[in-house]
Structures are given as C-alpha cells and as structure tokens.
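Below, each chain spelled out in residue letters.
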Amino acid sequence: MSEEKKAPIAIAAIDVPPRTKPSNYPEPFASQMAGRVKRQLGDFFGLTNFGVNLTRMAPHSVSALRHAHTKQDEFIYILQGNPALHTDEGLTRLAPGMCAGFKAGTGNAHRLVNDTNEEVLYLEVGDRTPGDEGSYPDDDICAKMIDGNWRFTRKNGTPY
C-alpha cells in the first residue's frame, strides 16, 4: 500500500519550491515576467479556496501585466524592497509593512513594478472564485478562468 506524501505541519516559506512554470501568460507576455519567482504557499498545503504566493522580484522586473479581476479579490503585503504599485490612479511607492487590496469587479487594474536596484519580496493572496475574468487595459490580452485554468485570447477573441 502506497502512502500519499503529506505536507509538513509548517515550513519556512522560502523552502517551498518555486513554481516550475514562470508565467501562465502566452508569449509575447510570458517573457516580460523574467525576474519574478513565485513560491505557491497555498498550493503546497493543498489550499483550494484561496491562493498565497511568496513572490520575489529582481531589480527592474514586474509582478504581472496590469490587470483587474471580475470575481477574484487580491491582496499584497510588502516584506522587502520598495516597488511602485501601478494602478489606474498612477504610481504609488510602497515600503516594507505596507499592503494593498484589490476588490473584484472594480476594474482598477494593478501590478507591481520594481524600478529599483534592490530585490522586492511580497506576499500575494487571492481567492479562487470560478468564472473569473481578467482584463488588461495596456495589452492586447484577455483571460477567462475555465475549469480551474486560465485561457488567454486577444481582445478580439482570437486565441494565442
């Protein structure tokens, strides 16, 4: 009888292996995520209602394409570094201990930009509401969550 390998009761977050696929985006967008490393803490513990990532951004990298969700709330907490939060209101400089939340359905697109020479480390938390869609005001891409996976198309509906 084989035993299913269980996650430990607790672990140092930095010891959770990094995500093997650097980005879910199709090209030409995936390569823009170079310098970003995510450790999927929620997945490591088998969480299904929400995700938690420990994300490291190298100098001069970005967290994501600027995006907004229709159904999923998101939250970030800065642990190290001073990224700029890019939202519809412009750029806001963040520091360790600062946090930001993005309510689903507001349409306020967001991302972090590490425009410094130092690494940035932050926690991101998001729910996993089915049927979510992502909009990207700065890029020709749309996203739909279908059966737990993101499907990407151009804004005119043609697939990548």
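Up top is the structure.
Since this is a predicted model, take the numbers as computed values, not measurements.

*Asks:* Any chance you could explain the nonpolar core here in plain terms?
*Replies:* Burial of nonpolar side chains together is a common tendency in soluble globular proteins. Residues Tyr25, Phe29, Ala30, Met33, Val62, Ala64, Leu65, Val113, Tyr136, Ile141, Ala143 and Phe152 constitute the largest nonpolar core, which totals twelve residues. Residue contacts for Phe29: discarding those within four places in its chain leaves Leu65, Asp139, Asp140, Ile141 and Tyr160. Ranked by size, the runner-up nonpolar core spans ten residues in total, among them Leu94, Ala100, Leu112 and Val120.

*Asks:* What is the right way to read the environment of Glu74 from this model?
*Replies:* Its place among the elements puts Glu74 in strand 5 (residues 74-80). Take Glu74: its relative accessible area is 22%, and that puts it in the partly exposed class. Among the polar contacts made by the side chain of Glu74, one reaches the side chain of His69 at a distance of 3.3 Å.

*Asks:* Help me understand the pairing of strand 10 (residues 120-127) in this model?
*Replies:* Regular strands show a simple pattern: their side chains alternate between the two faces of the sheet. Counting buried residues along strand 10, six of its eight residues qualify, which places the element largely inside the surrounding structure. Of the pairings in the sheet, the one linking strand 2 (residues 50-57) to strand 10 comprises eight bridges and is antiparallel in character. Within strand 10, the position partnered with Phe50 by the bridge is Asp127. Here strand 5 runs beside strand 10; their pairing, made up of six bridges, is antiparallel. Opposite Gln80, over in strand 10, you have Leu121 as the bridge partner.

*Asks:* I tried to follow the sheet that holds strand 12 (residues 142-146) on my own but got confused; where do I start?
*Replies:* Two strands in a sheet stick together by hydrogen bonds in their backbones, pointing the same way (parallel) or opposite ways (antiparallel). An order of 4-11-12-13 is seen for the four strands of this open sheet, with the pairing classed as antiparallel. Two strands close off the open sheet at either side, each with one partner strand: strand 4 (68-69) and strand 13 (149-153). Where strand 12 and strand 13 come together, five bridges link them in antiparallel fashion. Its bridge partner lying in strand 13, Ala143 is registered against Phe152.

*Asks:* Is there a simple way to think about the sheet that holds strand 3 (residues 61-62) in this case?
*Replies:* Ordered in space as 3-9-6-7, the four strands form an open sheet in which the pairing is antiparallel. Looking at strand neighbours, the two that pair on one side only are strand 3 and strand 7 (90-93), the edges of this open sheet. Of the strand pairs in this sheet, strand 3 and strand 9 (residues 110-114) are connected by two bridges, and their pairing is antiparallel. If you follow Val62 over to strand 9, its bridge partner there is Val113.

The rules behind the values
Residues numbered from 1 in each chain as written. Predicted model: local features only at pLDDT ≥ 70, side-chain atom pairs only at ≥ 80, totals over all residues. Heavy atoms only, no water. Core = buried A, V, L, I, M, F, W, Y, C linked by side-chain atoms within 4.5 Å. Buried < 20%, exposed > 50% of the residue type's maximum accessible area, 1.4 Å probe, protein only. Contact = heavy atoms within 4.5 Å. Helix = DSSP H or I, 4+ residues; strand = E, 2+ residues; numbered from the N terminus. Polar contact = N/O pair within 3.5 Å; in protein donor to acceptor, adjacent residues only side chain to side chain. Pairing = 2+ DSSP bridges.

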